[in-house]
Every structure is written in structure tokens, then in C-alpha cells.
Amino acid sequence: HLQSNLSRNSSSSSSASLVFEPCAHLFVMMPSSSSSEASVLSPTALATKESAILHALRSSPSVSLTVLRTLALTRGGLLSSRLRRLAWHKLCSVDKSSLPQVKDEYKNYLRHMSASSQDEKKGAASWAKEHPHLSNVSPQALAQVSRDVPRSLSGLLPTGRLRARQKTLGSVIIRVLSDAGGEYYQGLHSICGLLLVVLEDPCLASAVATRMSSVHLFDFMRPTFSPLTLAVNSLVYPLLLVLDPRLHAYLKGVGVEPFFSLEWILTWFSHTLDLDMASRLFDVFLSSHQSMPYYVTASLLSHRRQHITSGVYDHGECHGRVARCASGVSASEWEDVIEGSVRLMAARPPSGMGVGREAMAGGPCA
């Protein structure tokens with residue numbers, strides 16, 4: 001269903017080396033090819049990395065973002081929700097001492113709609129008129145949020161907490177749209193939902209998502225998806241050609257276009273993966289240039305070549321295999337995908353992929 005959004009379109013860590021691309025504020029970490037990191041961190045390595053993350057967070061006078069990003073990009077990432085609650089907002093330069101207040105706007109909206117005899121469109125418009133401080137939130141966005149929120153967070157929270165947290169999520173989204181001033185898109189509810197579950201504090205989740213909307217999610221929240229479709233066309237298959245020419249030729253030959261990846265890119269894989277693995281990818285995306293989801297997509301496709309090419313050479317069959325290839329990937333395999341993405345970005349940075357400023361402007365949040 002996320003592809004329907006297109007209708008909006010009017011047309012070892014010590015041996016690591018750091019690579020910067022100043023013009024795009026790009027930061028990537030290149031692991032040494034001789035790294036001895038295990039596919040699953042040993043208890044000793046886990047304790048060592050946790051200590052390093054906490055040390056980076058406690059650095060004076062300010063957090064060492066370069067070190068924190070390096071730790072987020074290396075195997076295992078930021079390790080746990082507990083550490084992510086301490087780190088994600090810092091990666092986005094969000095000051096916890098001055099967070100926006102998230103009021104019960106969504107709950108009030110639902111009450112208004114329940115008491116109103118108007119249809120959805122008129123009811124949303126009348127509620128918006130009564131709340132001028134939320135003028136950036138269109139009636140159309142409110143209506144869509146009210147359809148998306150009830151199907152959010154399932155699988156991430158116990159059933160007993162689901163309804164109340166969904167209402168909180170609705171208010172977080174309204175706050176983000178009000179502060180960011182961008183358009184709502186299907187997929188934002190998945191990103192905000194994961195932020196809310198991991199960070200726990202709706203005010204903090206709102207502030208982080210608002211900051212993301214001005215950088216990483218900027219192209220998704222424009223009035224049309226023209227910049228997004230340009231980026232998909234300019235990055236996904238061209239990057240795959242660099243990484244895996246044989247698979248590139250296979251997909252082009254069978255006629256599968258790269259737009260199957262929209263759901264992954266628009267939701268940062270949070271609609272597809274479980275909480276732990278999606279959070280691991282959030283570590284990567286928050287620490288990288290905003291085009292990193294496209295690089296992860298290309299790396300994932302190459303990693304799953306055997307799955308993609310093992311069936312009938314048919315457009316429909318192949319499209320289904322490609323669309324499902326993010327499922328069934330182990331945590332260790334995802335670490336390989338992430339490492340491949342980081343290497344690919346170092347070898348082929350966004351500025352060298354023919355993606356103009358309009359299609360891809362930005363970098364890490366901080």
C-alpha cells in the first residue's frame with residue numbers, strides 16, 4: 001500500500017579508517033578487511049563496546065559524535081534499546097532540556113470526529129479550524145493518520161498497551177507535522193512508532209522525528225514524490241550495478257523496476273523487520289548520509305542474489321521474490337549487509353552517483 005504514495009507525484013573498530021565527504025556532510029566507517037570481529041559479539045566484545053558507547057556519551061564538554069557514529073556503524077551497532085535511548089537524540093542534536101510538549105491532540109481529534117455528524121473530510125477540516133496552532137496539519141493528513149495509527153505498533157507492544165500507545169503515537173505524528181511543516185506520507189507512522197517504542201518518551205520521539213524530517217525524511221515529506229522517484233532511479237540499480245553486475249542484469253532483463261524498495265526506504269525497514277533489527281538499521285541511518293537506505297537496499301539485494309534468482313525467470317514471480325527478500329535474513333547476515341553498504345558508500349558516495357541537490361540534500365542529523 002505504500003507504493004500508492006506515488007500518486008502524489010505530479011510527474012575491529014580500532015583498525016577502522018574514517019572517510020568524510022565534506023560537501024555532503026558524509027560520514028562513513030570502513031572496517032578493516034582483516035577485522036577479527038565475530039558475526040555475533042562475544043560477551044567480552046559486547047561489554048567492551050557498551051563501555052565505549054557510554055564513554056562516548058559522557059565525553060566532555062560534548063558528546064563525541066564521530067566516535068558515536070563509528071560505534072553505531074560497526075557490528076552490533078548501539079546494542080540495545082537502553083543505549084539507544086541515550087544516543088539517538090544526540091545523533092540528531094536534540095536537546096532534551098527543551099523538548100516540545102506532546103498533548104492529547106489525536107485523542108481530542110477522535111472525540112471530535114466521534115461527536116461530529118459530518119463526513120471524515122469535513123469533520124477533519126472543522127477540527128483543524130478549531131486548532132489554528134496546528135495549521136501545518138492538513139485535514140487530509142489528519143484523516144490519513146486516523147486510518148494508519150490503528151494498524152500501527154502491533155507486534156511491537158503487548159496487546160494490553162496497544163490502544164493507549166496508538167493514541168499517543170497519533171499525537172506524536174500530529175506534533176511532528178505541526179513542527180516540521182511537511183506533508184504526511186504513509187510510512188511516517190511506522191518510523192514514529194518505532195521511535196516511540198524505543199525512546200519511550202513521546203516528547204523525545206517527536207523531537208527526534210521532527211529533526212529527521214528536515215534531513216533524512218525531507219524528500220519523503222515534500223508535496224510530490226518527484227525527488228524520491230529520482231533518487232530511487234538514480235541510486236538503487238546504479239549502485240547494484242557497481243556491487244553486483246550479474247544480478248543487475250538479471251533484474252533489468254526480467255523487467256523488475258526498483259520501486260519495490262519504496263516500502264523499505266520510506267519506513268527505514270521498520271514496516272518489514274522486527275523491533276531489534278529495525279532498530280539496528282536506525283543506528284546506521286541516523287549516523288549516515290540520508291541516502292544510506294538506498295545503499296542498504298542495493299547491498300541487501302546483492303546479499304540475497306541466490307534467493308532472488310533461484311525461481312522461475314518471470315516478471316511477476318521475480319518481483320515477489322525481490323519484495324520478500326528482506327524477510328528471513330539473520331542478524332549476522334544483516335551485519336554483513338550493513339558492512340557492504342558502508343563500503344559501497346565509501347567507494348561510490350552520493351555526490352558521485354548523479355544525484356542532484358534537489359533529489360538528495362543533507363547528511364547526518366547532527
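Quantities reported herein were computed from a predicted structural model and do not represent experimental measurements.

Draft legend 1. Representation of the overall build of the protein chain within the structure. The helix and strand inventory of the protein chain stands at 17 helices and two strands. Out of the 366 residues belonging to the protein chain, those deemed buried represent 53%.

Draft legend 2. The arrangement of helix α8 (residues 188-199) in detail. An ideal rise of 1.5 Å per residue puts 16 Å on 12 residues; α8 measures up with 16 Å between its terminal C-alpha atoms. Most of α8 is tucked away, with 12 of its 12 residues classed as buried. Taken as a whole, α8 has its buried residues at Leu188, His189, Ser190, Ile191, Cys192, Gly193, Leu194, Leu195, Leu196, Val197, Val198 and Leu199. On its buried face, α8 sits against α3 (81-91), α6 (139-148), α7 (159-180), α9 (202-213), α12 (262-267) and α13 (275-286).

Draft legend 3. Spotlight on the nonpolar core. Trp88, Leu195, Leu251, Phe269, Leu301 and Trp334 are the most contacted members of the largest nonpolar core, which totals 110 residues. Here this core takes nine residues from α8, the largest share from any one element. When sequence neighbours within four positions are dropped, the list of residues in contact with Leu195 reads Trp88, Glu200, Ala205, Val208, Ala209, Met212 and Phe282.

Draft legend 4. Examining the side chain of Ser341 more closely. Relative to the assigned elements, Ser341 resides in helix α17 (residues 331-347). By relative accessible area, Ser341 is classed as buried at 1%. At a separation of 2.8 Å, a polar atom in the side chain of Ser341 contacts the main-chain carbonyl oxygen of Val337. Beyond its immediate chain neighbours, meaning those up to four positions away, Ser341 contacts Met292, Tyr295, Val296 and Ser299.

Draft legend 5. Expanded view of the pattern of salt bridges. According to the stated counting rule, one finds 12 salt bridges in the structure shown. Its salt-bridge partner being Arg175, residue Asp179 comes within 2.8 Å of it at the nearest N-O pair. A residue pair is termed a helical-turn pair when its members lie 3 or 4 positions apart in one helix, as Asp179 and Arg175 do in helix α7 at four residues. The partner of Asp219 in a salt bridge is Arg222, with the nearest N and O atoms 2.8 Å apart. With respect to burial, Asp219 and Arg222 carry one shared label: buried. It is possible to trace a salt-bridge network through shared partners that takes in Arg75, Asp336, Glu339 and Arg343.

Draft legend 6. Seen up close, the confidence of the model for the protein chain. In the predicted model, the protein chain carries a mean pLDDT of 84, and 85% of its residues have values of at least 70. Least confident of the elements in the protein chain is strand β1 (residues 17-21), whose mean pLDDT is 31; most confident is helix α14 (residues 292-303), at 97. A low-confidence stretch, residues 1-39 stays under pLDDT 50, and its non-local contacts, those more than four residues away or across chains, total 96 contacts. Overall, residues 356-362 carries pLDDT values under 50, and its contacts beyond four positions in sequence, including any with other chains, amount to 20 contacts.

Draft legend 7. Molecular detail of unusual backbone geometry. Positive phi, normally seen in glycine, also occurs at Leu153, with a value near 75°. Using a relative accessible area of 6% as the deciding quantity, one classes Leu153 as buried. One non-glycine residue, Glu200, lies in positive phi territory at about 70°. Following the sequence through the fold, Glu200 ends up in the loop between α8 and α9.

Draft legend 8. Broad picture of the environment of Ile308. Along the chain, the position of Ile308 falls in helix α15 (residues 305-309). Separated by 11 residues in the primary sequence, Ile308 and His319 place their C-alpha atoms 8.7 Å from one another.

Draft legend 9. Up close: the environment of Thr267. Counting through the fold element by element, Thr267 comes out in helix α12. Within the structure, the side chain of Thr267 is placed 2.7 Å from the backbone oxygen of Glu263, a separation counted as a polar contact.

Draft legend 10. Molecular detail of the environment of Glu339. Here Glu339 shows up in helix α17. Each C-alpha atom of the pair Glu339 and Arg75 lies 8.0 Å from the other, and the pair is 264 residues apart in sequence.

About the thresholds
- Residues numbered from 1 in each chain as written.
- Predicted model: local features only at pLDDT ≥ 70, side-chain atom pairs only at ≥ 80, totals over all residues.
- Heavy atoms only, no water.
- Helix = DSSP H or I, 4+ residues; strand = E, 2+ residues; numbered from the N terminus.
- Buried < 20%, exposed > 50% of the residue type's maximum accessible area, 1.4 Å probe, protein only.
- Expected span 1.5 Å × (residues − 1).
- Contact = heavy atoms within 4.5 Å.
- Core = buried A, V, L, I, M, F, W, Y, C linked by side-chain atoms within 4.5 Å.
- Polar contact = N/O pair within 3.5 Å; in protein donor to acceptor, adjacent residues only side chain to side chain.
- Salt bridge = Lys/Arg side-chain N within 4 Å of Asp/Glu carboxyl O.
- pLDDT = per-residue confidence, 0-100.

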